Amino acid sequence: MKIIIKPLAIILTSTLLLGQIKTGQSTTKIAYAGIQIDNVEPWVKEDLIKKMGSIFEDINPDQFISTQTVQNLAQSELKQLFMEISDSSFQKIADKTGAKYVFAGKFKNVSPDDRRIMIQGEFYRYNAELKSKFRYEVLKYYERMNDEATIIKKQLVDSIPATASPATFKQVSILFGIILLVGLLFMSMAGTSVWGEGSGD
């Protein structure tokens, strides 16, 4: 019977760990304060807002605080932030929203050619716990902004621990099934001696 105990202990431990994975998801809040864009036509502004907003699509909705929510909770602080990008301005928004991370950006068109749009500016990630911000500088023609948004997502958003959506029930079930099979495999490998000992008791 001692041989059985070890595989069963593995299965039980794995099950408990799965429970912790499922119930112990991070509650880190991430707020997106939006972007300010100057010297562009309305369609460009609307399109760029969508591009930059899309970098947060993979974040667990329970963790994400949208731009609209930030505006509702910290309207005056948001105005102050875009007047002066500073740690203190970011911290006020973090305090109002309860976010650990606050994102915002300021852009403008600096192209001397009316036929092309060149976006210049900065996109920020502020860490309320460390009270410091990371700045990503942008200087790209507008047709390259999709690629730029992908890079920003990778460097500023995906690098935050526990930003991915929690595992679905199906994914957890599959993982549990694999662990269960491994445990049964251990038991079957030791089966001859197990059942041999059992029949003698």
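Residues numbered from 1 in each chain as written. Predicted model: local features only at pLDDT ≥ 70, side-chain atom pairs only at ≥ 80, totals over all residues. Heavy atoms only, no water.

**Side note on the overall build of the chain**
Right, on to step 1. In terms of regular secondary structure, the chain is built from 8 helices and 5 strands.
Right, on to step 2. In sequence order, the secondary structure elements of the chain are arranged as α-β-α-β-α-α-α-β-β-β-α-α-α.
Right, on to step 3. Across the 201 residues in the chain, those meeting the buried criterion constitute 37%.
Right, on to step 4. Long-range contacts, defined here as pairs at least 24 residues apart, represent 64% of the contacts in the chain between residues at least 6 apart. (Helix = DSSP H or I, 4+ residues; strand = E, 2+ residues; numbered from the N terminus. Buried < 20%, exposed > 50% of the residue type's maximum accessible area, 1.4 Å probe, protein only. Contact = heavy atoms within 4.5 Å.)

**Side note on the confidence of the model for the chain**
Right, on to step 1. Looking at the chain, pLDDT values average 82 and 68% of them are 70 or higher.
Right, on to step 2. Of the regions scoring below 50 in pLDDT, residues 164–169 engages in 13 contacts with residues more than four places distant in sequence or in other chains. (pLDDT = per-residue confidence, 0-100.)

**Remarks on the nonpolar core**
Right, on to step 1. If you look at the biggest cluster of nonpolar residues, it comprises 25 residues, and the most contacted ones within it are Leu48, Met52, Phe103, Phe107 and Phe123.
Right, on to step 2. Secondary structure elements with two or more residues in this core: strand E1 (30–38), helix H2 (42–53), strand E3 (101–109), strand E4 (118–127), strand E5 (132–141) and helix H6 (145–157).
Right, on to step 3. Ranked by residue count, the leading element in this core is H6, at 5 residues.
Right, on to step 4. Those residues in contact with phenylalanine 103 that sit more than four places away from it in its chain are Ile30, Ala31, Tyr32, Ala33, Gly34, Phe56, Phe123, Tyr124, Arg125, Leu156, Val157 and Ile160. (Core = buried A, V, L, I, M, F, W, Y, C linked by side-chain atoms within 4.5 Å.)

**A look at the pairing of E3**
Right, on to step 1. Of all 9 residues in E3, 7 are buried, a share of seventy percent or more.
Right, on to step 2. As paired strands, E1 and E3 are joined by 7 bridges and run parallel to one another. Among the inter-strand pairings, isoleucine 35 is bridged to a residue of E3, identified as glycine 105. (Pairing = 2+ DSSP bridges.)

**Considering the sheet that holds strand E2 (residues 64–65)**
Right, on to step 1. The strand order across the open sheet formed by 5 strands is E2-E1-E3-E4-E5, and the pairing between neighbours is mixed. Taken across any chain shown, the strands that pair with only one partner, and hence form the sheet edges, are E2 and E5.
Right, on to step 2. One ladder, built from 2 bridges, connects E1 with E2; its direction is parallel. Across the sheet, alanine 31 pairs through a bridge with isoleucine 65, a residue of E2.
Right, on to step 3. H2 rests against E1, E3 and E4 of the sheet, and its axis sits at about 155° to E1. (Axes fitted to C-alpha atoms, helices over the stretch in contact; angles between N-to-C directions.)

**Comments concerning unusual backbone geometry**
Right, on to step 1. For asparagine 39, which is not glycine, the phi torsion reads 65° and is therefore positive.
Right, on to step 2. Among the secondary structure elements, asparagine 39 is positioned in the loop between E1 and H2.
Right, on to step 3. For asparagine 39, a relative accessible area of 58% gives the class exposed.
Right, on to step 4. With a phi close to 55°, lysine 131 is a non-glycine residue in the positive phi region.
Right, on to step 5. The topology assignment puts lysine 131 in the loop between E4 and E5.

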